[in-house]
Amino acid sequence: VRRGLVAGVFALLSLVTSGCGKGKPATPASDALVRKLPLPTKTATLSNGLRVVLQEDHHSPTVAVHVAYRVGGACDPPGRSGFAHLFEHFMFEGSKHVKRGEFDTLLVRAGVLKKNAFTTRDGTYYYEVLPSAQLDLALFLESDRMGFLLDALDQGTLNNVRDIVKNEYRWRVENAPYGNATLVADGALYPDGHPYHRSVIGTPSELDAASLEDIKRFFLRWYAPNNATLVIVGDLDPEATLARIHHWFDAIPRAPEPPVLPALPPPSRDKPKRIVVDANVSLPRLMMTWATPAYGLPGEAGLASASSLVEWRVYGYVAKKLELAHNVDVSYVPGRVGGTFTLDATLREGADVEKVVDEITFAMEELSQYARYVMDEKSVKESLYGLYAGEVLDFDGLERRARSFGVFGVLSGDAGGVAERLRTYEGLDPDDVVSAYREYIIRVPPVVVVVRPNGGAPVAGKVVSQ
Amino acid sequence: VRFVALLAIAMAACGRSAARAPVVPPLDGPVAARTTPDAEFRATPPIAGGLKAFTPPKVEERKLKNGVRVLFVERHDVPIVALRVVSDRGADQADPGIAEFWERAALRSSSEHSMHEVLEAWNDLGAYFRPHVTRDSSQFEVRVMSRLLGATVKLLGELTTRPAFGPKQVNLIRERMRVAVADKWDDAEGQLALAIHEHLFPETHLYRSPFAPPDSIEKVQPEILEAYQKFAFTSEHVTITAAGDTKIDELLAALEPAFGSLAGPKIGPQAPPAAPPDAPLDPRVIAIHREGTQATIGAVWLGPTRAIPDLAALSTAAQELHAVLSTRLRVQLGITYDVDFTSQVGRARLPMYVSSAVDIEHTGEAASEIMKALERLNKELVEEKFLAEDRAAVADFAELFDSVHGTAATLAHLAVYALPLDYYTRRADAIAKVTGEDLRKAFATYFPVDRVKLFVVGDLGKVVPQLEKVGLGKVAHRKMFTLTKK
């Protein structure tokens, strides 16, 4: 009875939504929109391999300088998880011509508006936004840490940086509610040896094991102009800026080509993997994850569309209709090696976890069975339109735009790749979305992490069975 | 579910099982050394002399026929428009928890369209939409591609002027509110805020809870939310701010029919809640039990309202305190990842505090360092070179106008506090004039070390002995705030 009822609801919804489609805005012609997007004005590659992306925008007298290195948590050497992230912190500790502590104070004195860095699985990104008159300072600082970092490294700096990163681990993971859930899920989703098996933030014991020699070798392998993209967006003259870039960066020698992270097929699994975690939290939570193809491979973009449709349908059934969960969120994170599709539900107090997993699985399979009705032309276009608009809205602000170029550079090798991504979205049809959903989500058993409230457990959670 | 999620730091657990060959080779393999040749021009950092004076963008000001004020900045760097519908009435004007609930429930249905239809309409537009609420204001934020501005304004006008909150919708939001509240209670920073507000405000005070109180969530009904929105969004209290890829005439042509029906009696501004009486200084330190490897410390006092004459000195002082403690606790001692400064300088007096999550073994040391820094800054002049850095950091107003959506948000801030359009130019001037003595006076007046209390969230067995040892005063303790029996 239940199955027929739900199928009926889906089919009805599909008819209703189809009927509402008249007069709604259509997906815009991407070429017209792409022409209006502030895409790179000039690109170049220096003789040492440094890729340069410039985009002119004179609405305010500021520039965003962003350096993206193609080295992230996936590049951590064996036994040294958290290394790429640890290294991110080193890059602020001075270099040959910048004393320890001076990196920040020089920027502050120059009127910096934003400065920071972040590390993902695939890349490490550094940025500053500052008055355009101070562009040379940013180029000086970025070139000095790219070319002369090792001159300033010492054991005292390593000890201090390691302490700060371990405090970050305590804050983000060890003392954070549900802090272990994602780590546990990714560890089970990707097998040992897979670049995404370990956490970007690492483990305290492996951070402790890092030596000064390790740091030097890591720098020499990955931190080179031929593994980086320099993006500058804002109040600049492309020719004059390129000349200044040559001035500061030309002398930095290229490194032997670093190892290339391969796009790996999603790891196979015969049956669902169930992990139970006890945590000192108020509400039970459920996380279901699937490994998906690498960025840009066939089917990959369709999963971005499927994520919003799955969220809408599963939320409607499990939270609204059955009242088993407070909320349901579905996310999709693309990556160079592979992607991750995650369904995260916060359950009602006392909910039967087995029943919730069963109902979510049922709703997702039902969605697959009736996919061509639910993921119809209109629904898919709507979801793609949201993704499409999201990319365009992400171009707002110099730093965000520079970041977007940097991230696309790391993911696809093309900093201006957003235009191609928009065309990909527009070219997708419902069959693409449905087949990607069936192939990578429905046919593959997920990793399921169940977090149970337990006042005697650590707040981050402790694995009690798997 | 947006693609931007790729920026999230992805984490995976450390494996222990039999490994297959790793993709990334070990570091002990051959790595070629390389050296960048040095050059004389690198010897001195190239800082351009003199910072450019801050020049805000040109703001156009108009009124709709019903008196609604419109502030707009035209710019065409990105093909989008950002809008804010801003009321200068916020959470202070309702019972505890109502505005926070409204914030999650608004912009979802109208008297003409159901929640499903409205969501479909937002999806069709591909727009980002979000209500915001603070103690002093309620706002709708929307960002959309400029070619869809007309349809977006029409929808926004309908949801602003003819809101509806159905029982089913309210119950769904109630579920999400329960999760939001649980997340706050589970979190160390949430526990710190709960303890601070419990201590500073009497039981009946509006600010007794920093977040929506759990029992308030259960009481909210559709008519309460509708009444809140109608009370907050009247023509006398609303300003519409916008920035982006359109023209003022096009914007007004879209706004007039959409918001022209906004009316409402003029009701004078309601006074903010009265400041609470001074909380007793004894005990000086309050510890809240929460197991873990970190202690979250907050040094707390009651901040001023924004009506003070030396707001520029206060902001500069806050920057100095943050810089001093970041340098000491993070850079020099390596016992924390970060230091936060929390202040809500608005119409009412609210807690102001500096906080940090520190390695629990160093709790006493960190608490002592925080108090020492406050004592020193209450008495001594800050060196001119540090003061110059503080002034530069505080006066980074170009950042406020960097993005289209940031510009609309900055204009909204001006509207909420009835500030002049050249406010940031004046403020930059005022900050440039802050002296060392101004800073010392600001510390003594607004960061009074003799009124500071310390709150520490951490494992009592570990933190209490350390706190007693450093001798900052009597240490009291209490249990963790809990929502449910675990």
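Cut-offs applied
- Residues numbered from 1 in each chain as written.
- Chains lettered and ligands numbered in written order.
- Predicted model: local features only at pLDDT ≥ 70, side-chain atom pairs only at ≥ 80, totals over all residues.
- Heavy atoms only, no water.
- Helix = DSSP H or I, 4+ residues; strand = E, 2+ residues; numbered from the N terminus.
- Rg over C-alpha atoms; globule rule 2.2 N^0.38 Å.
- Contact = heavy atoms within 4.5 Å.
- Areas by Shrake-Rupley, 256 points an atom, 1.4 Å probe, with all protein chains shown as cover.
- Buried < 20%, exposed > 50% of the residue type's maximum accessible area, 1.4 Å probe, protein only.
- Phe/Tyr/Trp six-rings, centres within 6.5 Å; stacked < 30°, edge-to-face > 60°.
- Lys NZ or Arg CZ within 6 Å of the ring centre and 35° of its normal.
- Pairing = 2+ DSSP bridges.
- Core = buried A, V, L, I, M, F, W, Y, C linked by side-chain atoms within 4.5 Å.
- Buried area = accessible area lost by both parts, 1.4 Å probe.
- Salt bridge = Lys/Arg side-chain N within 4 Å of Asp/Glu carboxyl O.
- Polar contact = N/O pair within 3.5 Å; in protein donor to acceptor, adjacent residues only side chain to side chain.
- Nonpolar A, V, L, I, M, F, W, Y, C, P; charged D, E, K, R; others polar.
- Axes fitted to C-alpha atoms, helices over the stretch in contact; angles between N-to-C directions.

Focus: the overall build of chain B
Okay, step 1: From N to C terminus, chain B includes 15 helices and twelve strands.
Okay, step 2: Scaling as 2.2 N^0.38, a compact globule of 486 residues should have a C-alpha radius of gyration of about 23 Å, and chain B matches this with 26 Å.
Okay, step 3: With respect to the principal axes defined by its C-alpha atoms, chain B has extents near 65 × 65 × 65 Å.
Okay, step 4: If you take every contact in chain B between residues at least 6 apart in sequence, the share linking residues at least 24 apart comes to 83%.
Okay, step 5: Roughly 20,200 Å² of accessible area belongs to chain B as shown, and the carbon and sulfur atoms make up 53% of that amount.

Some remarks on helix 4 (residues 102-109) of chain A
Okay, step 1: Those residues of helix 4 of chain A not exposed but buried are Glu102, Phe103, Leu106, Leu107 and Val108 of chain A.
Okay, step 2: Contacts made by the buried residues of helix 4 of chain A are with strand 4 (114-119), strand 5 (124-131) and helix 5 (135-147) of chain A together with helix 11 (384-394) of chain B.
Okay, step 3: Once helix 4 of chain A ends, the next one or two residues include Gly111 of chain A, with phi positive near 85°.

A short note on the packing of aromatic side chains
Okay, step 1: Under the definition given, this model contains 35 aromatic pairs over all chains.
Okay, step 2: With centroids separated by 5.6 Å and ring planes inclined at 65°, the aromatic side chains of Phe140 of chain A and Trp248 of chain A adopt a geometry described as edge-to-face. Taken as a pair, Phe140 of chain A in helix 5 and Trp248 of chain A in helix 10 (residues 238-249) lie far apart in primary sequence, 108 residues in all. Here Phe140 of chain A matches Trp248 of chain A in class, with each residue buried.
Okay, step 3: Ring geometry for Phe218 of chain A and Trp222 of chain A: centres 6.5 Å apart, planes at 50°, overall tilted. Placement of the pair is Phe218 of chain A and Trp222 of chain A together in helix 9 (residues 212-222), with a separation of four residues, close to one helical turn.
Okay, step 4: Taking relative accessible area as the criterion, Phe218 of chain A reaches 0% and is therefore assigned buried.
Okay, step 5: Here Trp222 of chain A falls in the buried class, since its relative accessible area comes to 1%.
Okay, step 6: Members of the aromatic cluster, each reached through a chain of ring pairs, are Tyr69, Phe83, Phe87, Phe90, Phe92, Phe103, Tyr126, Phe218, Phe219, Trp222 and Tyr223 of chain A.
Okay, step 7: The positively charged end of Arg143 of chain B is found above the aromatic ring belonging to Tyr128 of chain B, 4.3 Å away from the centroid.
Okay, step 8: We note Arg176 of chain B situated over the ring of Tyr315 of chain A; from NZ or CZ to the ring centre the distance is 4.8 Å.

Quick notes on the pairing of strand 9 (residues 325-333) of chain A
Remember that side chains alternate between the two faces of the sheet whenever the strand is regular.
All names here are of chain A.
Okay, step 1: In terms of burial, strand 9 is a largely internal element, seven of the nine residues being buried.
Okay, step 2: Relative to strand 10 (residues 339-347), strand 9 is paired through eight bridges, and the arrangement is antiparallel. Its bridge partner lying in strand 10, Val333 is registered against Thr340.
Okay, step 3: Following strand 9, the chain reverses through five residues before pairing antiparallel with strand 10.

So, the nonpolar core
Okay, step 1: Ranked by size, the top nonpolar core spans 223 residues in total, and within it Leu286 and Leu343 of chain A together with Leu83 and Phe447 of chain B carry the most contacts.
Okay, step 2: In terms of residue count, helix 11 (residues 300-321) of chain A provides more of this core than any other element does, eleven residues in total.
Okay, step 3: Those residues in contact with Leu83 of chain B that sit more than four places away from it in its chain are Phe140, Glu141, Val142, Leu149, Val153, Leu156, Ile240, Thr241, Ala242, Leu251 and Leu255 of chain B.
Okay, step 4: Counting residues in each nonpolar core, the second largest holds 84 residues, with Val65, Phe87, Phe140 and Tyr223 of chain A among its members.

Remarks on the interface of chain B and chain A
Okay, step 1: In this assembly, 105 residues from chain B lie in contact with 149 residues from chain A.
Okay, step 2: Of the roughly 10,800 Å² buried between chain B and chain A on both sides combined, carbon and sulfur atoms contribute 61%.
Okay, step 3: Applying the counting criterion to the chain B and chain A interface returns seven salt bridges.
Okay, step 4: Its salt-bridge partner being Arg401 of chain A, residue Asp77 of chain B comes within 3.6 Å of it at the nearest N-O pair.
Okay, step 5: Linking chain B with chain A are 31 residue pairs in polar contact (both at pLDDT 80 or more).
Okay, step 6: Mapped onto the side of chain B that touches chain A, the elements with two or more residues apiece are helix 2 (115-125), strand 5 (138-145), helix 4 (167-186), helix 9 (311-332), strand 9 (336-342), strand 10 (351-359), helix 11 and helix 12 (404-416) of chain B.
Okay, step 7: Of the residues that constitute the side of chain B that touches chain A, the class distribution is 56 nonpolar, 18 polar and 31 charged.

Looking at the sheet that holds strand 1 (residues 60-63) of chain B
Residue and element names in this part refer to chain B.
Okay, step 1: Pairing is mixed in the open sheet, where six strands are placed in the order 1-2-6-3-5-4. The sheet terminates laterally at strand 1 and strand 4 (128-133), the two strands that pair on one side only. Averaged over all neighbouring strand pairs, the angle between strand axes comes to 15°, with direction disregarded.
Okay, step 2: Contacts from helix 8 (residues 248-259) reach strand 1, strand 2 (69-74), strand 3 (80-87) and strand 6 (238-244), with the element oriented near 150° to strand 2.
Okay, step 3: Contacting strand 2, strand 3, strand 5 and strand 6, helix 12 runs over the sheet at an angle of about 20° to strand 3.

Brief notes about the pattern of salt bridges
Okay, step 1: Going through the model one piece at a time under the given rule, you end up with 46 salt bridges over all chains.
Okay, step 2: Its salt-bridge partner being Arg100 of chain A, residue Glu93 of chain A comes within 2.7 Å of it at the nearest N-O pair.
Okay, step 3: Since its relative accessible area comes to 41%, Arg100 of chain A is described here as partly exposed.
Okay, step 4: Across the salt bridge formed by Asp394 of chain A and Arg400 of chain A, the nearest N and O atoms sit 2.6 Å from each other.
Okay, step 5: Exposure remark for Asp394 of chain A: the relative accessible area of 11% places this residue in the buried category.
Okay, step 6: One continuous salt-bridge network, built from bridges that share partners, spans Asp57 and Arg401 of chain A together with Arg75 and Asp77 of chain B.

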